[in-house]
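Residues per chain, in single letters:
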Amino acid sequence: MRLPFFATVLSTTLGFYGLAHAQNQELNLYSARHYPTDEALYSGFTQATGIKINRVDADDAGILARLRAEGAASPADVILLVDASRLWRADVDGLFQPVRSKVLNDAVPAHLRSRQSDVGGFAWFGLSTRARIVVYDKDKVQKSDVDTYEKLADPSNKGKLCMRSGSHPYNLSLFGAMLEHLGEQKTQAWLQGLVANMARAPKGGDTDQIKGVASGECGIAVTNSYYLARLMRSSKPEERAIADKVGVVFPNQSSWGTHMNVAGGGVARHAKNRDNAVKFLEYLVSPAAQNHFANGNNEWPVAKGVKLDNPALQAMSGGDFKSELLPISAVGMNQAMVQQMLDRVDFK
Ligand code: FE
(Lines give C-alpha, C1' and ligand atoms only; values in the text may rest on other atoms or scores of the structure.)
Protein backbone atom coordinates (compact mmCIF):
# COMPACT_ATOMS: atom_id res chain seq x y z
CA MET A 1 0.00 0.00 0.00
CA ARG A 2 1.24 3.43 -0.92
CA LEU A 3 1.32 5.76 2.02
CA PRO A 4 -0.10 9.25 1.61
CA PHE A 5 2.63 11.89 1.26
CA PHE A 6 2.42 13.22 4.82
CA ALA A 7 2.65 9.71 6.26
CA THR A 8 5.79 9.03 4.20
CA VAL A 9 7.36 12.22 5.51
CA LEU A 10 6.34 11.31 9.03
CA SER A 11 7.73 7.79 8.85
CA THR A 12 10.97 9.04 7.27
CA THR A 13 11.29 11.65 9.98
CA LEU A 14 10.63 9.11 12.72
CA GLY A 15 13.07 6.73 11.09
CA PHE A 16 15.70 9.43 11.05
CA TYR A 17 15.20 10.27 14.69
CA GLY A 18 15.05 6.62 15.61
CA LEU A 19 18.40 6.08 13.93
CA ALA A 20 19.94 9.16 15.49
CA HIS A 21 18.63 8.02 18.84
CA ALA A 22 20.00 4.51 18.46
CA GLN A 23 23.42 5.90 17.63
CA ASN A 24 23.44 8.26 20.54
CA GLN A 25 24.76 5.74 23.03
CA GLU A 26 26.08 8.24 25.49
CA LEU A 27 25.24 10.05 28.66
CA ASN A 28 26.53 13.33 30.03
CA LEU A 29 26.95 13.08 33.76
CA TYR A 30 27.54 16.07 36.03
CA SER A 31 28.78 14.59 39.27
CA ALA A 32 29.67 16.16 42.57
CA ARG A 33 30.46 12.80 44.13
CA HIS A 34 34.06 13.23 45.22
CA TYR A 35 34.86 9.56 45.68
CA PRO A 36 37.46 7.85 43.46
CA THR A 37 35.87 4.45 44.06
CA ASP A 38 32.90 5.51 41.91
CA GLU A 39 34.89 4.73 38.74
CA ALA A 40 33.88 1.08 38.96
CA LEU A 41 30.26 2.13 39.31
CA TYR A 42 30.31 4.08 36.05
CA SER A 43 32.25 1.49 34.07
CA GLY A 44 29.79 -1.18 35.24
CA PHE A 45 26.97 0.78 33.60
CA THR A 46 28.85 1.14 30.31
CA GLN A 47 29.64 -2.57 30.30
CA ALA A 48 26.02 -3.49 30.95
CA THR A 49 24.41 -1.10 28.46
CA GLY A 50 27.02 0.03 25.94
CA ILE A 51 26.21 3.62 26.90
CA LYS A 52 29.34 5.73 27.22
CA ILE A 53 29.48 8.18 30.12
CA ASN A 54 31.02 11.62 29.62
CA ARG A 55 31.69 13.04 33.02
CA VAL A 56 31.98 16.56 34.35
CA ASP A 57 33.33 16.47 37.89
CA ALA A 58 33.17 19.52 40.11
CA ASP A 59 32.08 20.33 43.61
CA ASP A 60 28.37 20.86 44.21
CA ALA A 61 28.56 24.65 44.00
CA GLY A 62 30.56 24.41 40.76
CA ILE A 63 28.05 22.04 39.19
CA LEU A 64 25.07 24.18 40.15
CA ALA A 65 26.77 27.34 38.84
CA ARG A 66 27.64 25.62 35.57
CA LEU A 67 24.08 24.33 35.07
CA ARG A 68 22.65 27.79 35.69
CA ALA A 69 25.11 29.40 33.26
CA GLU A 70 24.44 26.81 30.53
CA GLY A 71 20.66 27.07 30.83
CA ALA A 72 18.71 25.29 28.07
CA ALA A 73 21.93 24.64 26.14
CA SER A 74 23.30 22.46 28.94
CA PRO A 75 24.48 19.05 27.74
CA ALA A 76 23.88 17.58 31.22
CA ASP A 77 21.68 14.47 31.31
CA VAL A 78 22.14 13.32 34.90
CA ILE A 79 23.10 15.42 37.93
CA LEU A 80 24.51 13.70 41.04
CA LEU A 81 24.86 15.76 44.21
CA VAL A 82 25.80 14.95 47.77
CA ASP A 83 23.64 16.27 50.56
CA ALA A 84 19.93 16.95 51.00
CA SER A 85 20.34 20.73 51.18
CA ARG A 86 22.08 20.84 47.80
CA LEU A 87 19.54 18.52 46.15
CA TRP A 88 16.75 20.71 47.47
CA ARG A 89 18.48 23.86 46.13
CA ALA A 90 18.88 22.32 42.66
CA ASP A 91 15.22 21.25 42.70
CA VAL A 92 14.00 24.73 43.65
CA ASP A 93 16.21 26.27 40.97
CA GLY A 94 14.48 24.06 38.39
CA LEU A 95 17.59 22.15 37.37
CA PHE A 96 15.86 18.74 37.35
CA GLN A 97 12.90 17.37 35.42
CA PRO A 98 10.45 15.00 37.09
CA VAL A 99 10.99 11.29 36.53
CA ARG A 100 8.31 8.63 36.78
CA SER A 101 9.93 5.26 37.23
CA LYS A 102 8.51 2.23 38.95
CA VAL A 103 12.01 0.85 39.37
CA LEU A 104 13.14 3.98 41.25
CA ASN A 105 9.92 4.30 43.25
CA ASP A 106 10.14 0.66 44.32
CA ALA A 107 13.81 0.92 45.31
CA VAL A 108 14.02 4.33 46.99
CA PRO A 109 11.91 4.81 50.16
CA ALA A 110 9.52 7.77 49.87
CA HIS A 111 11.24 9.80 52.61
CA LEU A 112 14.50 9.72 50.63
CA ARG A 113 13.08 11.33 47.48
CA SER A 114 12.21 14.90 46.49
CA ARG A 115 8.70 16.18 47.03
CA GLN A 116 6.38 14.79 44.40
CA SER A 117 6.23 17.17 41.43
CA ASP A 118 2.93 18.85 40.43
CA VAL A 119 2.84 16.75 37.27
CA GLY A 120 3.71 13.53 39.11
CA GLY A 121 7.12 11.93 39.36
CA PHE A 122 10.08 13.07 41.40
CA ALA A 123 12.85 15.58 40.72
CA TRP A 124 15.52 13.57 42.53
CA PHE A 125 16.08 10.29 44.29
CA GLY A 126 18.38 9.48 47.20
CA LEU A 127 20.82 6.80 46.06
CA SER A 128 22.84 6.19 49.20
CA THR A 129 22.77 7.37 52.80
CA ARG A 130 25.34 8.43 55.38
CA ALA A 131 24.91 8.82 59.10
CA ARG A 132 26.03 12.00 60.90
CA ILE A 133 27.65 10.43 63.93
CA VAL A 134 29.58 11.51 67.02
CA VAL A 135 33.12 10.44 67.87
CA TYR A 136 34.67 11.06 71.26
CA ASP A 137 37.84 10.77 73.31
CA LYS A 138 37.40 7.54 75.27
CA ASP A 139 39.67 8.83 78.07
CA LYS A 140 37.80 12.08 78.73
CA VAL A 141 34.22 11.50 77.64
CA GLN A 142 31.66 8.83 78.46
CA LYS A 143 29.46 7.48 75.73
CA SER A 144 26.43 8.46 77.81
CA ASP A 145 27.62 12.11 77.70
CA VAL A 146 27.13 12.25 73.93
CA ASP A 147 24.44 9.73 73.06
CA THR A 148 22.04 12.39 71.76
CA TYR A 149 22.56 15.44 69.55
CA GLU A 150 20.93 17.49 72.31
CA LYS A 151 23.69 16.56 74.76
CA LEU A 152 26.37 18.06 72.49
CA ALA A 153 25.04 21.45 73.66
CA ASP A 154 24.97 20.52 77.35
CA PRO A 155 27.12 22.79 79.57
CA SER A 156 28.87 19.65 80.93
CA ASN A 157 30.52 19.33 77.50
CA LYS A 158 31.99 22.84 77.54
CA GLY A 159 35.31 23.25 75.72
CA LYS A 160 35.14 19.80 74.12
CA LEU A 161 33.26 20.08 70.83
CA CYS A 162 34.86 20.24 67.37
CA MET A 163 32.83 20.67 64.19
CA ARG A 164 33.38 21.87 60.66
CA SER A 165 31.71 25.13 59.62
CA GLY A 166 28.07 25.42 60.59
CA SER A 167 27.26 26.57 57.05
CA HIS A 168 28.63 23.42 55.45
CA PRO A 169 25.73 21.52 53.84
CA TYR A 170 26.33 18.44 56.04
CA ASN A 171 25.71 20.60 59.09
CA LEU A 172 22.91 22.61 57.47
CA SER A 173 21.10 19.31 56.91
CA LEU A 174 21.69 18.05 60.45
CA PHE A 175 20.50 21.39 61.86
CA GLY A 176 17.56 21.41 59.43
CA ALA A 177 16.56 18.01 60.83
CA MET A 178 16.87 19.33 64.39
CA LEU A 179 14.55 22.19 63.42
CA GLU A 180 11.96 19.60 62.35
CA HIS A 181 12.29 17.76 65.66
CA LEU A 182 12.65 20.63 68.14
CA GLY A 183 11.08 23.71 66.56
CA GLU A 184 12.75 27.08 66.09
CA GLN A 185 13.26 28.26 69.67
CA LYS A 186 14.79 25.08 71.01
CA THR A 187 16.94 24.62 67.92
CA GLN A 188 18.39 28.10 68.24
CA ALA A 189 19.14 27.53 71.94
CA TRP A 190 20.77 24.22 70.97
CA LEU A 191 22.94 25.91 68.33
CA GLN A 192 23.93 28.52 70.90
CA GLY A 193 24.93 25.70 73.23
CA LEU A 194 27.09 24.11 70.51
CA VAL A 195 28.91 27.40 69.97
CA ALA A 196 29.45 27.73 73.74
CA ASN A 197 30.93 24.21 73.88
CA MET A 198 33.48 24.58 71.07
CA ALA A 199 37.04 23.45 71.76
CA ARG A 200 38.19 25.61 68.83
CA ALA A 201 36.64 27.73 66.08
CA PRO A 202 35.14 25.54 63.32
CA LYS A 203 37.70 24.60 60.68
CA GLY A 204 38.61 21.77 58.32
CA GLY A 205 36.54 18.86 57.06
CA ASP A 206 35.04 15.92 58.92
CA THR A 207 38.26 13.89 58.87
CA ASP A 208 40.05 16.80 60.57
CA GLN A 209 37.52 16.66 63.40
CA ILE A 210 38.19 12.92 63.93
CA LYS A 211 41.92 13.64 63.95
CA GLY A 212 41.30 16.41 66.49
CA VAL A 213 39.76 13.86 68.86
CA ALA A 214 42.60 11.38 68.31
CA SER A 215 45.21 14.07 69.04
CA GLY A 216 43.45 15.18 72.22
CA GLU A 217 42.58 18.68 70.99
CA CYS A 218 38.87 17.84 70.87
CA GLY A 219 36.87 15.70 73.28
CA ILE A 220 33.90 15.33 70.92
CA ALA A 221 33.43 15.69 67.17
CA VAL A 222 30.71 15.27 64.58
CA THR A 223 31.42 13.49 61.29
CA ASN A 224 29.79 11.68 58.43
CA SER A 225 30.13 7.95 58.93
CA TYR A 226 32.07 7.22 55.73
CA TYR A 227 35.01 9.40 56.79
CA LEU A 228 35.48 7.25 59.88
CA ALA A 229 34.98 4.04 57.88
CA ARG A 230 37.64 5.21 55.43
CA LEU A 231 40.14 5.61 58.28
CA MET A 232 39.16 2.21 59.72
CA ARG A 233 39.75 0.54 56.34
CA SER A 234 42.87 2.51 55.43
CA SER A 235 45.98 0.73 54.22
CA LYS A 236 48.01 3.18 56.32
CA PRO A 237 48.55 1.99 59.92
CA GLU A 238 48.67 5.59 61.21
CA GLU A 239 45.17 6.23 59.84
CA ARG A 240 43.80 3.03 61.36
CA ALA A 241 45.39 4.12 64.65
CA ILE A 242 43.38 7.37 64.52
CA ALA A 243 40.15 5.40 64.10
CA ASP A 244 41.15 3.04 66.93
CA LYS A 245 41.60 5.92 69.37
CA VAL A 246 38.06 7.30 69.13
CA GLY A 247 34.78 6.08 70.56
CA VAL A 248 31.75 6.11 68.24
CA VAL A 249 28.12 6.80 68.96
CA PHE A 250 25.07 6.73 66.74
CA PRO A 251 23.04 9.42 68.49
CA ASN A 252 19.36 9.43 69.47
CA GLN A 253 18.82 5.68 69.46
CA SER A 254 16.11 6.01 72.09
CA SER A 255 14.32 8.89 70.38
CA TRP A 256 14.08 9.75 66.67
CA GLY A 257 17.22 7.96 65.46
CA THR A 258 20.53 9.04 63.99
CA HIS A 259 20.44 11.78 61.37
CA MET A 260 20.82 10.31 57.89
CA ASN A 261 21.79 12.41 54.92
CA VAL A 262 21.61 11.37 51.27
CA ALA A 263 23.64 11.48 48.13
CA GLY A 264 21.32 11.41 45.18
CA GLY A 265 20.55 12.51 41.70
CA GLY A 266 18.03 13.24 39.03
CA VAL A 267 17.58 13.85 35.32
CA ALA A 268 18.70 17.31 34.17
CA ARG A 269 15.97 19.69 33.04
CA HIS A 270 17.28 19.95 29.47
CA ALA A 271 18.62 16.39 29.10
CA LYS A 272 19.12 15.38 25.46
CA ASN A 273 19.64 11.69 26.32
CA ARG A 274 16.69 11.34 28.64
CA ASP A 275 16.12 7.60 28.24
CA ASN A 276 19.78 6.89 28.98
CA ALA A 277 19.57 9.18 31.99
CA VAL A 278 16.64 7.28 33.50
CA LYS A 279 18.37 3.99 32.70
CA PHE A 280 21.46 5.20 34.57
CA LEU A 281 19.49 6.20 37.68
CA GLU A 282 17.74 2.84 37.60
CA TYR A 283 21.12 1.14 37.34
CA LEU A 284 22.29 3.04 40.44
CA VAL A 285 19.56 1.41 42.55
CA SER A 286 20.31 -2.09 41.23
CA PRO A 287 21.72 -4.48 43.84
CA ALA A 288 25.19 -4.42 42.23
CA ALA A 289 25.41 -0.62 42.24
CA GLN A 290 23.88 -0.33 45.71
CA ASN A 291 26.42 -2.80 46.98
CA HIS A 292 29.12 -0.68 45.43
CA PHE A 293 27.99 2.41 47.34
CA ALA A 294 28.28 0.37 50.52
CA ASN A 295 31.60 -1.26 49.83
CA GLY A 296 33.31 1.32 47.67
CA ASN A 297 32.41 4.47 49.54
CA ASN A 298 31.20 3.08 52.88
CA GLU A 299 27.65 4.41 52.50
CA TRP A 300 24.42 2.63 53.30
CA PRO A 301 22.30 1.46 50.38
CA VAL A 302 18.84 3.02 49.98
CA ALA A 303 17.35 -0.10 48.41
CA LYS A 304 15.94 -2.64 50.81
CA GLY A 305 17.26 -6.16 50.84
CA VAL A 306 20.77 -5.27 49.65
CA LYS A 307 23.23 -7.27 51.69
CA LEU A 308 25.73 -5.03 53.44
CA ASP A 309 29.21 -6.44 53.11
CA ASN A 310 31.34 -3.83 54.83
CA PRO A 311 33.14 -4.73 58.08
CA ALA A 312 33.80 -1.09 59.04
CA LEU A 313 30.12 -0.11 58.81
CA GLN A 314 29.20 -3.27 60.73
CA ALA A 315 31.75 -2.56 63.44
CA MET A 316 30.91 1.10 63.99
CA SER A 317 27.15 0.70 64.02
CA GLY A 318 26.93 -2.66 65.71
CA GLY A 319 25.19 -3.93 62.59
CA ASP A 320 21.82 -2.40 63.17
CA PHE A 321 20.77 1.03 64.37
CA LYS A 322 17.78 3.31 64.36
CA SER A 323 17.92 5.93 61.64
CA GLU A 324 15.88 9.09 61.34
CA LEU A 325 12.86 8.81 59.05
CA LEU A 326 12.14 12.49 58.36
CA PRO A 327 11.31 13.39 54.77
CA ILE A 328 14.76 14.45 53.66
CA SER A 329 13.31 17.07 51.29
CA ALA A 330 11.87 18.93 54.32
CA VAL A 331 15.34 18.91 55.88
CA GLY A 332 16.85 20.51 52.77
CA MET A 333 14.09 23.10 52.69
CA ASN A 334 15.00 24.31 56.20
CA GLN A 335 18.48 25.46 55.25
CA ALA A 336 17.67 29.15 54.71
CA MET A 337 16.11 29.42 58.16
CA VAL A 338 19.00 27.49 59.70
CA GLN A 339 21.51 29.87 58.12
CA GLN A 340 19.71 32.83 59.74
CA MET A 341 19.86 31.10 63.10
CA LEU A 342 23.58 30.37 62.67
CA ASP A 343 24.19 34.06 61.99
CA ARG A 344 22.25 35.00 65.12
CA VAL A 345 24.32 32.72 67.38
CA ASP A 346 27.56 33.51 65.51
CA PHE A 347 28.23 29.90 64.46
CA LYS A 348 30.87 30.36 61.74
FE1 FE B 1 31.83 14.15 51.98
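For the structure itself, look to the data block above.
Residues numbered from 1 in each chain as written. Predicted model: local features only at pLDDT ≥ 70, side-chain atom pairs only at ≥ 80, totals over all residues. Heavy atoms only, no water.

Visitor: Which parts of the structure should I look at to understand the coordination of the iron ion?
Guide: Note on metal geometry: ideal angles are 109.5 degrees for four donors arranged tetrahedrally and 90 or 180 degrees for six donors arranged octahedrally. Around the iron ion, the protein contributes the donor atoms Tyr-170 (OH), Tyr-226 (OH) and Tyr-227 (OH), which lie 1.9 to 2.1 Å from the metal centre. Read from N- to C-terminus, the donor residues coordinating the iron ion fall into the pattern Y-x55-Y-Y. Residue Tyr-170 is located in helix H6 (residues 169-182), and its partner Tyr-227 is located in helix H9 (residues 225-232); the two are separated by 57 residues in the primary sequence. On the basis of relative accessible area, Tyr-227 is assigned to the buried category, the value being 9%. (Donors = N, O, S within 2.8 Å, 3.2 Å for Na, K, Ca; no water. Helix = DSSP H or I, 4+ residues; strand = E, 2+ residues; numbered from the N terminus. Buried < 20%, exposed > 50% of the residue type's maximum accessible area, 1.4 Å probe, protein only.)

Visitor: Looking at this model, I keep getting lost on the state of the cysteines. Mind explaining?
Guide: Note on terminology: a disulfide is the covalent bond linking the sulfur atoms of two cysteines. Following the criterion strictly, the structure yields one disulfide and no others. A disulfide bridge connects Cys-162 with Cys-218, and the sulfur atoms are separated by 2.0 Å. Across the S-S bond linking Cys-162 and Cys-218, the dihedral sits near -85°, which makes this disulfide left-handed. Taken together, the positions of Cys-162 in strand E6 (residues 161-162) and Cys-218 in the loop between helix H8 (206-215) and strand E7 (220-224) put the pair 56 residues apart, joining distant regions of the chain. In this structure Cys-162 comes out as buried when scored by relative accessible area, which is 1%. (Disulfide = S-S within 2.5 Å.)

Visitor: Any chance you could explain the layout of surface pockets here in plain terms?
Guide: The gaps left among the atoms become clear once a water-sized probe is rolled over them. Empty space within the largest pocket amounts to approximately 430 Å³. Together, 19 residues line the largest pocket, and Thr-129, Trp-300, Pro-301, Val-302 and Ser-323 are the ones closest to its centre. When grouped by side-chain class, the residues that make up the lining of the largest pocket number 11 nonpolar, five polar and three charged. (1 Å grid on protein atoms, 1.4 Å probe; cavity = no way out; pocket = protein on both sides within 12 Å on 5 of 7 lines; lining within 4 Å. Points joined across faces, edges and corners; volume = space filled by probe spheres on them. Nonpolar A, V, L, I, M, F, W, Y, C, P; charged D, E, K, R; others polar.)

Visitor: Could you clarify how one ought to interpret the pattern of salt bridges in this entry?
Guide: When charged atoms on two side chains of opposite charge get close, those side chains can pair. Applying the stated criterion across every chain, the model contains 18 salt bridges. A salt bridge links Arg-33 to Asp-38, with the shortest nitrogen-to-oxygen separation between them at 2.5 Å. Across this residue pair, the class does not change: Arg-33 and Asp-38 are buried. Residue Lys-151 is joined to Asp-147 by a salt bridge in which the shortest nitrogen-to-oxygen separation is 2.7 Å. Given a relative accessible area of 30%, Lys-151 falls into the partly exposed group. When salt bridges with common partners are traced through the structure, they connect Arg-33, Asp-38, Arg-130 and Glu-299 into a single cluster. (Salt bridge = Lys/Arg side-chain N within 4 Å of Asp/Glu carboxyl O.)

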